[in-house]
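What the coordinates show
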Amino acid sequence: MGRKISYKQAINEALDLEMRRDPTVIVLGEDIVGGAGAPGEADAWGGVLGVTKGLHAKHGDRLMDTPLSESAYIGAAIGAAACGMRPVAELMFLDFMGVCFDQILNQAAKFKYMFGGKAKTPVVIRAMVGAGFRAAAQHSQMLTPLFTHVPGLKVVCPSNAYDAKGLLIQAIRDDDPVIFCEHKALYGHECDVPEEAYAIPFAEANVAREGKDVTIVGYGLTVHRALAAAEDLARRGGIEAEVIDLRTLSPMDWDTVIESVEATGRLVVVDEANPRCSIASDVAAYVTQHAFGALKAAPQMVTAPHTPVPFSPVLEDLYIPSADAVSAAVSRITAKALAA
Amino acid sequence: MNARINPIVMPKWGLSMAEGKVTGWLVRPGAKITAGDEILEVETDKIAGVVEAGEAGTLRRVLGEPQTVYPVKALIGVIADDDVPDAEIDAFVAAYAVPAEEGEDAAEAGPRYEFVETPAGRLRYARRGEGEDTVLLIHGFGGDLDNWLFNIDALGAAATVYALDLPGHGQSEKALGDPSLPGLATAVLGFMDALGIARAHLVGHSMGGALAQRVAVDAPSRVASIALIASAGLGPEINGDYIAGFVSAAGRRELKPVLEHLFHDPSTVTRQLVDDVLKYKRIDGVDTALRALADGLFPDGRQASQLADRTRAAGTRTLVVFGEGDRIIPAAHAQALADTAQVHVLPEAGHMVQMEKAGRVNELLLKHIAG
């Protein structure tokens, strides 16, 4: 393809292209317009980390600054969606979802079902997830399982810039509410991304690496940890790991996971969420139920510990599942010992 | 360097290729090799392919281990005559160093594609070589310039070679002003005008073959010769299920069996190849462009344009190459111009004959271009 852009730029580009294509697409959020026209500020701030920077200059009033009131503007976005708009609401940190959970859980997710399919809520709620940013317990959680649990919501968590652009475009065009989770540690990650608009369908996992000995499943940042572990395993132990990037957590591409486990016989799921009722436990349970005969060993979960995200940098680094932890989990279920 | 010792190295198929995996040897150590023999299979992140021997001799060393990845130009085997002592070969292997990438750093080199503004929109192309003759490579329906991955460098040794992405394809403009054969022929001529190509040898694959014929008919003064590889436009039959399947496939599971129709050896279709085609198909405008072309060129599973008579009448020097096992366009169509053209039907090859039998096709093309 030849053109590398970052995960952050890819999200910005997806919003720009969809706002150009569809006049009903609007963007709401805190500080996305703030700073425009202020001394020394040629442009708006573009949100807390500048993801939407430049869009206000291009699309003007279709970007709206909101008060520090998530329950109000998420509710407004859902209402606008029900009235024919396609709002993209930036919630900053997914951790703040608590105050507006009723609008999401009891309203947006239910409308299609409660009104016999006559109402739709094509709203996208973008938010940062994940630890590693020294932002402590209330700005660092991986709350993806909370939303995956709710029927009616779609949950997306891209691991790279190509996927971020294609999945966000799909999310905006989708008629259902989508929780779009952006791992803040990936904003600088670059890869080849086409200039044109393209949509990646939901429920299509990506096989990021092919292998025959073990299936490692991850999403978001953990895909990169899984890939690093796979390289390490191949180098030290001659173990060829297949790495599956789930891309979307709801709907889930179970077929690709099951197909891979049926070929490898072993499963390791890597999840930055806390272990109980997590994506890891969900995948492990599903595979155990549907491909038990193919398993040569018990599925392994590599997750964050069951604690809030620590503020101490040293502890925070230990909190996120590491490539070494993934390698260790693989070695527990393979006969091959790893070389030192 | 011992001139009697010929290294077999990991090939470089396309500028973006940095490494390849040896998937298996097709000959055993000690085998007598003729130049052009297929000696091993290599898989890249794009596609699987076969390495052909550049020189004749005996396969004296097999160094590339199956299922192992090697950098481009790494030594993976040695061919030498029987009378070359083992010690000399061992010394050659021991002294061999992987040559550095020429010019800029390999990581920065990337695929050097260029773009040009034409009346049909912004078109992507690649250029190789500096020869006096100019060759223009035209891909088929749903393809792109990377379909010439195994040919462009070989042809670039003897000519100035251009490969373009047709409108609606690859990284070119996706909107099709005129989704017909004359419309695409006009786009090709517009591309030649934009780059100042007065006259070229046109090499077309599949739909690109029909296009090459159409350009030769419409603008004979711009065409030095045509080479028709698994070409459309030579008969009415075409695999309608393939066309419909390619257009409609939205996911990997649907697309892979469709793409397998393109090759004699279905294992050539790697996961990466399928993913790359999916990435193309998902770009806005591609679905519309492909459907318009399919409806215009291949309605109801038949070819709308048969050009053999007009091509013959135009008198353009013509080469026709088909894969014997072509499952998209019957290889029997190769005979449509048998009275006026050089015709070759290659065994153990399918529709992508220029990839599956790259060495032989390159040899035929070079001879054809040289006249």
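Residues numbered from 1 in each chain as written. Chains lettered and ligands numbered in written order. Predicted model: local features only at pLDDT ≥ 70, side-chain atom pairs only at ≥ 80, totals over all residues. Heavy atoms only, no water.

**Description of the confidence of the model for chain B**
All names here are of chain B. Scored by pLDDT, chain B has a mean of 91; 95% of the residues are at 70 or more. For residues 103-111, every residue scores under 50 in pLDDT, and the model assigns this stretch six contacts once sequence neighbours within four places are set aside. Overall fold confidence (pTM) sits at 0.87, and the ipTM for the predicted complex is 0.91. (pLDDT = per-residue confidence, 0-100. Contact = heavy atoms within 4.5 Å.)

**A closer look at the interface of chain A and chain B**
Facing 21 residues of chain A, the contacting portion of chain B comprises 15 residues. Regarding the contact of chain A and chain B, the summed buried area is about 1500 Å², with carbon and sulfur atoms giving 37% of it. Joining chain A to chain B, the criterion identifies five salt bridges. The partner of Arg 271 of chain B in a salt bridge is Glu 210 of chain A, and the shortest N-O contact between them spans 3.2 Å. (Buried area = accessible area lost by both parts, 1.4 Å probe. Salt bridge = Lys/Arg side-chain N within 4 Å of Asp/Glu carboxyl O.)

**Examining the sheet that holds strand S4 (residues 38-43) of chain B**
Residue and element names in this part refer to chain B. The sheet built from four strands is open, its strands ordered S5-S4-S2-S7 with antiparallel pairing. Looking at which strands have only one partner, the edges of the open sheet turn out to be strand S5 (48-52) and strand S7 (68-71). Within the sheet, the average angular offset between the axes of one strand and its neighbour, ignoring direction, is 40°. As paired elements, strand S2 (residues 19-25) and S7 share four bridges and run antiparallel to each other. In the sheet register, Lys 21 faces S7, and the bridge partner there is Val 69. (Pairing = 2+ DSSP bridges. Helix = DSSP H or I, 4+ residues; strand = E, 2+ residues; numbered from the N terminus. Axes fitted to C-alpha atoms, helices over the stretch in contact; angles between N-to-C directions.)

**Here we look at the side chain of Thr 270 of chain B**
The topology assignment puts Thr 270 of chain B in the loop between helix H7 (252-259) and helix H8 (271-281). Contact partners of Thr 270 of chain B, with chain neighbours within four places excluded, come to Glu 43, Lys 46, Ile 47 and Ala 48 of chain B.

**Re the domain arrangement of chain B**
Residues and elements named next belong to chain B. Here the domain parsing of chain B yields domain 1 (5-98) and domain 2 (112-370). Once you take the C-alpha centre of each, domain 1 and domain 2 turn out to be 30 Å apart. Each partner contributes to the roughly 1200 Å² buried at the junction of domain 1 and domain 2, and carbon and sulfur atoms together form 56% of this total. For the pair domain 1 and domain 2, the number of links is one salt bridge. At the boundary of domain 1 and domain 2, one finds two residue pairs in polar contact (both at pLDDT 80 or more). (Domains from an automatic or database assignment. Polar contact = N/O pair within 3.5 Å; in protein donor to acceptor, adjacent residues only side chain to side chain.)

**A short note on the nonpolar core**
If you look at the biggest cluster of nonpolar residues, it comprises 140 residues, and the most contacted ones within it are Leu 168 of chain A together with Leu 40, Leu 136, Ile 138, Phe 141, Leu 202 and Phe 246 of chain B. Among the elements that line this core, the one with the most residues is helix H7 (residues 161-173) of chain A, at eight residues. (Core = buried A, V, L, I, M, F, W, Y, C linked by side-chain atoms within 4.5 Å. Buried < 20%, exposed > 50% of the residue type's maximum accessible area, 1.4 Å probe, protein only.)

**A closer look at the state of the cysteines**
Residues and elements named next belong to chain A. Overall, the coordinates contain zero disulfides over all chains when judged by the stated rule. The thiol of Cys 157 is not disulfide-bonded; the next cysteine sulfur, from Cys 181, is found 5.3 Å away. Judged by relative accessible area, which is 0%, Cys 157 ranks as buried. (Disulfide = S-S within 2.5 Å.)

**Brief notes about unusual backbone geometry**
A cis amide bond, omega 0°, links Ser 250 of chain A with the succeeding residue Pro 251 of chain A. Even without being a glycine, Cys 277 of chain A presents a positive backbone phi close to 50°. Of note, Cys 277 of chain A is situated in the loop between strand S13 (267-271) and helix H10 (279-290). Backbone geometry at Lys 73 of chain B places phi at a positive 75°, although glycine is not the residue there. Following the sequence through the fold, Lys 73 of chain B ends up in the loop between S7 and strand S8 (75-80). Overall, Lys 73 of chain B belongs to the partly exposed group, its relative accessible area being 22%.

**A few points about the packing of helix H3 (residues 70-82) of chain A against helix H4 (residues 101-108) of chain A**
Residue and element names in this part refer to chain A. At their nearest, the axes of H3 and H4 sit 8 Å apart, and the two run at 25° to each other. The angle between H3 and H4 places the two elements in the roughly parallel class. Across the interface between the two elements, Ser 71, Ile 74, Gly 75 and Ile 78 of H3 pack against Gln 103, Ile 104 and Ala 108 of H4. Split into classes, the residues belonging to the contact of H3 with H4 amount to four nonpolar, three polar and no charged. (Parallel < 35°, antiparallel > 145°, perpendicular 65-115°, else oblique. Nonpolar A, V, L, I, M, F, W, Y, C, P; charged D, E, K, R; others polar.)

**Thoughts on the packing of aromatic side chains**
Residue and element names in this part refer to chain B. Tallied over the entire structure, the rule returns 12 aromatic pairs over all chains. Cluster of aromatic residues (ring-pair linked, three or more members): Phe 141, Tyr 242, Phe 246 and Phe 298. It is Arg 122 that lies over the ring of Phe 115; its NZ or CZ is 3.9 Å from the centre. (Phe/Tyr/Trp six-rings, centres within 6.5 Å; stacked < 30°, edge-to-face > 60°. Lys NZ or Arg CZ within 6 Å of the ring centre and 35° of its normal.)

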